[in-house]
Amino acid sequence: MAALHHLAVCAAVTVHLFLLLTPSSSLRMLAESEAESTAGDDHGSYRTAYHFQPAKNWQNGPMYYKGLYHLYYQYNPNGPTWGDGKLSWGHSVSTDLINWDTLQNAINPDSAFDAKGCFSGSTTLLSGGRPAIMYAGVTATGDQVQNLAFPKNASDPLLRDWVKSSSNPVIALPNDVTGKNFRDPSTAWVGHDGLWRIAVAARFKDSTGSTLVYRSQEFRQWERNAEPLYSSGDAGMVECPDLFPVADPSAQEGLDFVSGNGAARHVLKLSVMATQQDYYMVESYDDVADTFTFTGDNDCRTWWHLDYGHVYASKTFYDAGKKRWVLWSWLNESDPIQDFAARGWAGVQAVPRKVWLASDGKLLLQWPVEEIEKLRETRVKLLGAEINTGGMKEIKGIAGMQVDVQVVFKISSLQGAEYLEPGQLLDPQSLCREKGSSVPGGVGPFGLLVLASFDLHEHTSIYFRVFRHEGKHKVLISTTRADVYKPPYGGFMDLDIEKDRSISFRTLVDHSVVESYGGSGRMVITARVYPEHAKTTNSRLLIFNNGTSIVKVPKLNAWELKAAAMNVPTEVY
């Protein structure tokens, strides 16, 4: 369905971005398939070096406060799976979004209003800069309610101790909402009338998925708005709502979410439980009626994909220190549950990404925060190379398990582009399976091989292939893992290949995570991969061309990345 929407709005040339992965089960379904440890401890090669994850076990609301970044996350202190769902809120702090220190849990399920778990929520800085946490608690009877907590000592920059409000639950389960589908309160914002607002995910008893808006004067007593922010009977339960303003197209400086900030556009992001995908729309938010107005299909599954790969339950926060919006996204595991249970940990966060509005006013651009570059060490570069038909060139001089690669491919001619049938255009996933990186073509496939074994039997490819359709050119971008069947993810992105004859992208590799950013961040695809060879040997990095047209590489830069300090208990502040 998403492809139909994008085809309607794309310009002459479209980029297709694909990823072959096993679709993740809903995190709330993990409780139904609890695993026992059956493997050894030989999986250290899959643990990431610079992606955020706790030291162990299974892993909501980011915040910038008194010069520190805080990340709160759902955490099972008793094991690496969802378990019985009785989750706590873990808490880590950082000065740079890359290196993290772990603190004690911020919230634990020890009250009647959260006896069966502290689920997702958000942080908000109230008037005067006082922080607050709003989170969904699961009561002893299994109902979901909204709860509030404040820091015990707001002058403590580490915010180590939190106290739950005596008014909890501050928002009880509505009569028209099902008990197990009322959660994920958003970061609060102030409207034109000075009242606080939050958005809460809900599913009505008639199965309509909705995002409800609540208002409050003092943040403890909340009243529901008559109209929802979003409502549809097509997508089912939509979770983790996120609403934030964006500045004018191409302006990278973010706007804080305050009334009168001059924002003409807002982003509404929703996570669809049935597809385990995040979707967004850039349109108008009315802070008088508290409604989000958009054109097109009401089914959010036809909106833009936030990431066409393996991410879910994303969340932004406003970084006041650098005046930017930063996106966090959760990546769960895609290998068998027995394997990650044996490893003793599960789930990581994608590299935090700066987000801003593209020049077309419709798409978000995403790019790794600049702080990631602090991890760069050894650099290798390639300038002015050419790759002939069947050619391959190894990028030597750096280890391939932790790398940052930026490359530009220049296409000498589009005459050899293969013809694309209408059915293939509407089913890019099948096209990706049929036209893999090893299948010869005209203009492409060409691209990058990462996490490659010495004999190339194992590798993950990020590649491009140009097609011709109704007098125009379409560029297929795909990420696949060799010799392993995985259902594909796919999408479409604007790219004027006829004008520029070049394609740029950036890929971050971190053991079991591959993040690829196409077209300067117009499209992102994230993969979880588990190469067997990585347990005993290093990985190779190569560029290749299996098309009949020569491909030039005017510029390639690759850096080996050092490991970040990641959640080792310490007192450094």
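One can find the structure itself at the top, above this paragraph.
Treat the numbers as computed from the prediction; the structure is a model and nothing was measured. Throughout, a residue's number is its position along its own chain's written sequence, starting from 1. Reporting in this predicted model follows two pLDDT cut-offs: at least 70 for local features of residues, and 80 or more for side-chain atom pairs to be given and counted; totals over whole chains, interfaces and linings ignore these cut-offs and use all residues. Side-chain numbers come from the whole structure's heavy atoms, not from hydrogens or water.

Asks: Would you mind showing me how to read the overall build of the chain here?
Replies: Only DSSP runs of H or I reaching four residues or more are called helices, and only runs of E reaching two or more are called strands; each is numbered from the N terminus. Per the secondary structure count, the chain includes five helices and 40 strands. Here the term buried applies to any residue with accessible area under 20% of the maximum for its type, exposed to any over 50%, and partly exposed to those in between, with areas from a 1.4 Å probe on protein chains only. Counting all 573 residues of the chain, 63% fall into the buried class.

Asks: Please explain the sheet that holds strand S38 (residues 523-528) as it appears in this structure.
Replies: Within a beta sheet, neighbouring strands are joined by backbone hydrogen bonds and run either parallel or antiparallel to one another. Pairing between two strands is assigned when DSSP locates at least 2 bridges connecting them. Read from one edge of the open sheet, six strands run S28-S40-S30-S36-S37-S38, paired in antiparallel fashion. Every interior strand has two partners, whereas the edge strands, strand S28 (376-387) and S38, have only one. Here the strands of the sheet are splayed against their neighbours by 15° on average, with no regard to which way each runs. Where strand S36 (residues 502-510) meets strand S37 (residues 513-518), six bridges bridge the pair, whose relative direction is antiparallel. Residue pairing for S37: Leu508 is matched across the bridge by Glu515. Lines fitted to C-alpha atoms define the axes here, with helix axes fitted over just the stretch in contact, and angles between the N-to-C directions of these axes take values from 0 to 180 degrees.

Asks: Could you clarify how one ought to interpret the sheet that holds strand S4 (residues 68-75) in this entry?
Replies: Strand order across the open sheet formed by four strands is S3-S4-S5-S6, with antiparallel pairing between neighbours. Each edge of the open sheet carries a strand with a single partner, namely strand S3 (62-65) and strand S6 (101-107). In this sheet, neighbouring strand axes are inclined to one another by 30° on average, regardless of whether the strands run parallel or antiparallel.

Asks: Looking at this model, I keep getting lost on the environment of Ser122. Mind explaining?
Replies: One can find Ser122 in strand S7 (residues 118-125). The class of Ser122 is buried, set by a relative accessible area of 3%. Between the C-alpha atom of Ser122 and that of Ala188, which follows or precedes it by 66 residues, the distance is 8.2 Å. Whether two residues touch is decided by their heavy atoms; if any such pair falls within 4.5 Å, the residues are in contact. In contact with Ser122, not counting residues within four places along its chain, are Gly61, Trp89, Ala132, Ile133, Met134, Pro185, Ser186, Thr187 and Lys315. Two N or O atoms form a polar contact when they lie within 3.5 Å of each other; inside protein one atom must be a possible hydrogen donor and the other a possible acceptor, and for residues adjacent in sequence the pair counts only when both atoms belong to side chains. A distance of 3.2 Å separates the side chain of Ser122 from the backbone nitrogen of Thr187, its partner in a polar contact.

Asks: I tried to follow the packing of aromatic side chains on my own but got confused; where do I start?
Replies: Given two aromatic rings, their pairing is described by the distance between the two centres and the angle made by the two planes. Here the aromatic set is Phe, Tyr and Trp, taking the six-membered ring for Trp, and pairing holds for ring centres within 6.5 Å; pairs whose planes are under 30 degrees apart are stacked, those over 60 apart are edge-to-face, and all others are tilted. Evaluated as defined, the whole model comprises 28 aromatic pairs. Ring geometry for Phe52 versus Tyr73: centroids 5.2 Å apart, planes at 70°, classification edge-to-face. Phe52 gets classed as buried once you look at its relative accessible area, which sits at 2%. Over the ring of Trp356 we find Lys354, and its NZ or CZ is 5.5 Å from the ring centre. A ring is considered to have a charge above it if a Lys NZ or an Arg CZ atom is located within 6 Å of its centre and within 35 degrees of its normal.

Asks: Sorry if this is basic, but what is going on with the side chain of Asp404 here?
Replies: Checked against the element boundaries, Asp404 lands in strand S30 (residues 402-411). Taking the relative accessible area as the measure of exposure, Asp404 reaches 1% and is therefore buried. A polar contact of 2.7 Å, which involves the side chain of Asp404, links it to the side chain of Arg506. Discounting residues that sit within four places of it in the chain, Asp404 has contacts with Arg376, Arg506, Thr507, Leu508, Asn557, Ala558, Trp559 and Leu561.

Asks: Could you clarify how one ought to interpret the environment of Leu159 in this entry?
Replies: By the secondary structure assignment, Leu159 is in the loop between strand S9 (144-151) and strand S10 (162-164). On the basis of relative accessibility, which here comes to 0%, the residue Leu159 falls in the buried class. Residues Leu159 and His91 lie 68 residues apart in sequence; the distance between their C-alpha atoms is 9.3 Å. The residues touching Leu159, leaving out its near neighbours within four places in the chain, are Met63, Tyr65, His70, Tyr72, His91, Pro131, Pro151, Asn153 and Ala154.

Asks: When you look at unusual backbone geometry in this model, what are you seeing that I'm missing?
Replies: It is generally the case that most residues other than glycine have a negative phi and that most peptide bonds are trans. Look at the link from Asn168 to Pro169: it is a cis peptide, with omega at -5°. The omega torsion across Gly444 and Pro445 is 10°, close enough to zero to call that bond cis. Mapping Pro445 onto the fold places it in strand S32 (residues 443-452). For Phe219, which is not glycine, the phi torsion reads 80° and is therefore positive.

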